[in-house]
Amino acid sequence: QLVAERRRCAFRVSPWNLRQYRHAGAVNGSVQLCSHTQYCVGYFLLVNDQPEVDVQACNVAENPVQNAICEASSLRLKRLIKCVCNEDMCNRNVTRRPQPSQPPPTDSHTVEKVTISTIFIPGFVLFAFIMLIAVKWRHRFKECDKKTPTMLCSCRTAPTHPINGADVELQQAVGRGHFATVWRGEYKGSVVAVKVFPAGHKHKFSSEREVYELPLMEHPGIARFLGAGKSRDGGQWLMVLELASCGSLQHFLCTKRGSWIESMKLSQSLSQGLAFLHSDLHRRGLHKPAVAHRDLSSSNVLVRADGMCTLSDFGCSTILRSCSGLPGWRRPTGSTEDPRQVGSLRYMSPEILEGSVDLRSGRCLVQADVYSLGLLLWEIWMRCSDLFQDSMVPEHCLPYETELGSSVTLDQLLVHVSQMSKRPSIPKHWEWETQELVTDCWDHDPDARLTAQCVVSRLHALQTTCTL
Ligand SMILES: Nc1ncnc2c1ncn2[C@@H]1O[C@H](COP(=O)(O)OP(=O)(O)OP(=O)(O)O)[C@@H](O)[C@H]1O
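Below is a summary of the structure that appears in this document. If you're wondering where the values come from, they're calculated on a predicted model, not measured in any experiment.

**Describing the overall build of the protein chain**
Phase 1: Of regular secondary structure, the protein chain possesses 12 helices and 18 strands.
Phase 2: Counting every position in the protein chain, which comprises 468 residues, the buried fraction comes to 37%.
Phase 3: Put simply, 66% of the contacts in the protein chain that link residues at least 6 apart link residues at least 24 apart.

**Considerations on helix H8 (residues 362–381)**
Phase 1: Given a rise of 1.5 Å per residue, 20 residues ought to cover 28 Å, and the 29 Å separating the end C-alpha atoms of H8 matches this to within 8%.
Phase 2: In terms of burial, H8 is largely enclosed, as 18 of its 20 residues are buried.

**Observations regarding the sheet that holds strand E10 (residues 190–198)**
Phase 1: Here we have five strands laid out as an open sheet, ordered E8-E9-E10-E12-E11, and antiparallel in their pairing. Only two strands of the sheet have a single neighbouring strand rather than two, namely strand E8 (168–176) and strand E11 (225–230). Each strand axis lies, on average, 30° off the axis of its neighbour in the sheet, ignoring direction.
Phase 2: With five bridges connecting them, E11 and strand E12 (residues 236–242) associate as antiparallel partners. Each bridged residue has a counterpart across the sheet, and for Ala-228 the counterpart in E12 is Met-239.
Phase 3: Along the sheet, helix H4 (residues 202–212) contacts E10, E11 and E12; its crossing angle with E12, the most-contacted strand, is approximately 30°.

**Topic: unusual backbone geometry**
Most peptide bonds take the trans configuration, and most residues that are not glycine carry a negative phi.
Phase 1: Here the phi dihedral of Tyr-400 falls at roughly 65°; this positive angle occurs in a residue that is not glycine.
Phase 2: If you trace the backbone, Tyr-400 turns up in the loop between H8 and helix H9 (401–404).
Phase 3: Although it is not a glycine, Ser-421 adopts a positive phi angle of roughly 50°.
Phase 4: Mapped onto the fold, Ser-421 is located in the loop between helix H10 (410–419) and helix H11 (432–441).
Phase 5: For Ser-421, a count of 11 C-beta atoms within 10 Å translates into the label exposed.

**Examining the nonpolar core**
Phase 1: In this structure, Val-240, Leu-373, Leu-376, Leu-377 and Cys-441 are the most contacted members of the largest nonpolar core, which totals 77 residues.
Phase 2: Among the elements that make up this core, the one with the highest residue count is H8 (12 residues).
Phase 3: Apart from residues no more than four positions distant in its own chain, Leu-377 is found in contact with Ser-267, Leu-437, Val-438 and Cys-441.

**Some remarks on the pairing of E12**
Phase 1: Counted residue by residue, E12 has five buried out of seven residues, so it is predominantly covered.
Phase 2: Here seven bridges tie E10 to E12, and the two strands are oriented antiparallel to one another. Paired with Phe-197 across the strands is Trp-237, a residue of E12.

**Considerations on the site of the ligand**
Phase 1: Among the 22 residues in the neighbourhood of the ligand, the closest are listed as Gly-175, Gly-177, His-178, Val-182 and Ala-193.
Phase 2: Mapped onto the shell around the ligand, the elements with two or more residues apiece are E8 and E10.
Phase 3: Ranked by residue count, the leading element in the shell around the ligand is E8, at three residues.
Phase 4: Of the residues in the shell around the ligand, the class split is 10 nonpolar, nine polar and three charged.

**Quick notes on the packing of H11 against helix H12 (residues 452–465)**
Phase 1: It is at 10 Å that the axes of H11 and H12 come closest, and there the two elements cross at 170°. Here H11 is positioned roughly antiparallel relative to H12, judged by the angle of their axes. For the pair H11 and H12, contact is made by Glu-433, Thr-434, Leu-437 and Cys-441 and by Val-455, Arg-458, Leu-462 and Thr-465, respectively.
Phase 2: For the contact of H11 with H12, the class distribution of residues is four nonpolar, two polar and two charged.

**Notes on H11**
Phase 1: When we look at burial in H11, the residues that qualify are Thr-434, Leu-437, Val-438 and Cys-441. The arc that holds every buried residue of H11, seen down its axis, measures 90°, which confines them to one face.
Phase 2: Where the residues of H11 are buried, they touch H8 and H12.

**Comments concerning the environment of Val-357**
Phase 1: Along the chain, the position of Val-357 falls in the loop between helix H7 (350–354) and H8.
Phase 2: Taking the C-alpha atoms as reference points, Val-357 and Ala-368, separated by 11 residues in sequence, lie 9.4 Å from one another.

Rules used in this analysis
Each chain has its residues counted from 1, running along the sequence as written. Whole-chain, interface and lining totals are the exception, using all residues; otherwise, since this is a predicted model, local features are given only for residues with pLDDT of at least 70 and side-chain atom pairs are given and counted only at 80 or more. The way it works is that DSSP assigns letters per residue, a run of H or I at least four long becomes a helix, a run of E at least two long becomes a strand, and they are numbered from the N terminus. To sort residues by exposure, count the other C-beta atoms lying within 10 Å of each residue's C-beta; 20 or more gives buried, 12 or fewer gives exposed, and values between give partly exposed, all with C-beta atoms placed from the backbone. Residues are treated as contacting if the C-beta atoms built from their backbones sit within 7 Å of each other. Each helix should span, by expectation, one fewer than its residue count multiplied by 1.5 Å. DSSP-based pairing: two strands are paired if at least 2 bridges between them are found. For helices, the axis comes from a line fit to the C-alpha atoms of the stretch in contact; other axes are also lines fit to C-alpha atoms, and the angle between any two N-to-C directions lies between 0 and 180 degrees. To define a nonpolar core, we join buried Ala, Val, Leu, Ile, Met, Phe, Trp, Tyr and Cys residues through C-beta atoms within 7 Å and take the resulting set. The criterion for a residue being near a molecule or strand is simple: its C-beta atom, placed using the backbone, must lie within 6 Å of it. Here the term charged refers only to Asp, Glu, Lys and Arg, the term nonpolar to Ala, Val, Leu, Ile, Met, Phe, Trp, Tyr, Cys and Pro, and the term polar to all other amino acids, Gly among them. Here roughly perpendicular refers to angles of 65 to 115 degrees, roughly parallel to angles under 35, roughly antiparallel to angles over 145, and oblique to all remaining angles. When we speak of the arc, we mean the arc of directions from the helix axis to the C-beta atoms.

Put into structure tokens, the structure is as follows:
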């Protein structure tokens, strides 16, 4: 297809390379109208039955002389058009290329006029048709298939759960984090928790919402998500969640000691929630990719009325997509993100503190979560009355609070946790299996740590073998 470009005439060299054009020469004088018409033409001499460019120019539809001679009105037909061209007449209307080197033609010669569109338009139509079919199939294919990486996986096309801000009533603030305030409220007649993000933290809202809305995300160990949307006045972002009536695990442990059975309930539900979060699931044609939490702490674990833990606050999480050739996972703040700026310092693994983690490896992020899980198990069991039968149950302490105080810095943790490989102290009288479970979670070597699923199994074994 020939293309008019301002006052130059050009033709497309190849249908596959849309950017490659060859100029057909400057257009001037009588053919200045070129810029106003699509009727670019090429004139080819037939030499030994092969078309050879004689003249390429813009055909001026408004010019009746040229139309008459070269049948320009037929240019849109997808076929070769022969036209007999008197050299004088052609010269009046087009810019000629230098004459070909072969013997000059006789006074009147046959000129094959080839519109490039003759070749390229059918090719383009065929190409567009194939693309249309491909796009249709791509949209139809919601299920994940590793063999066809270009298909859109269900984990990218999960339906959203919009709410109407007018249906949400805020009653009392129950918690506050860096990015949002959490309220006890009512939504369509049910008591719920409403996480309210100021307009400026929309990115946090969107990141967290994306995790909650992944397919198959329903699990007792994950806070139940009911929907998200804008507030009634449009100035804030709301996320409606199941209300955990005992609040955060930190709050729960501060106020309550537990029996071995209660502590095991907390530990098991917590580990099951994390094992689920880390799992890559394909079920009923849907895909839930593995997710690394990246901000596990006792204030981001909630306790329900039945004494079970649920994971919440996925604003720093990373979705580890395994399903396509598209980017491996979502990075909340870009590829140059410093992992030490994501999550609570106190619960960060030594390799994250050191900044030595390869962020492209989802495995590293998952292993860092297990380190935090070890600290959480220790935190729970330090409030278990059955594990301190002959002594007082200590007051609730955050990890490293006894050693480093209630507010820790990166430098302190680097020395204590990373360089000196210190961990919270474990009472010596605890069963060996109990001690080993936490130490296997917070091992200095990430590869030596348990997986969350393995922690679930070990806890199960511990529950059945420990007679307290
Ligand atoms: N579903 C819930 N039910 C009851 N309390 C909740 C719920 N969700 C959150 N909270 C309370 O609100 C607090 C803050 O919530 P959350 O950690 O989600 O906010 P955030 O701004 O994302 O926090 P962070 O500073 O850790 O990023 C929690 O520590 C908890 O006490």
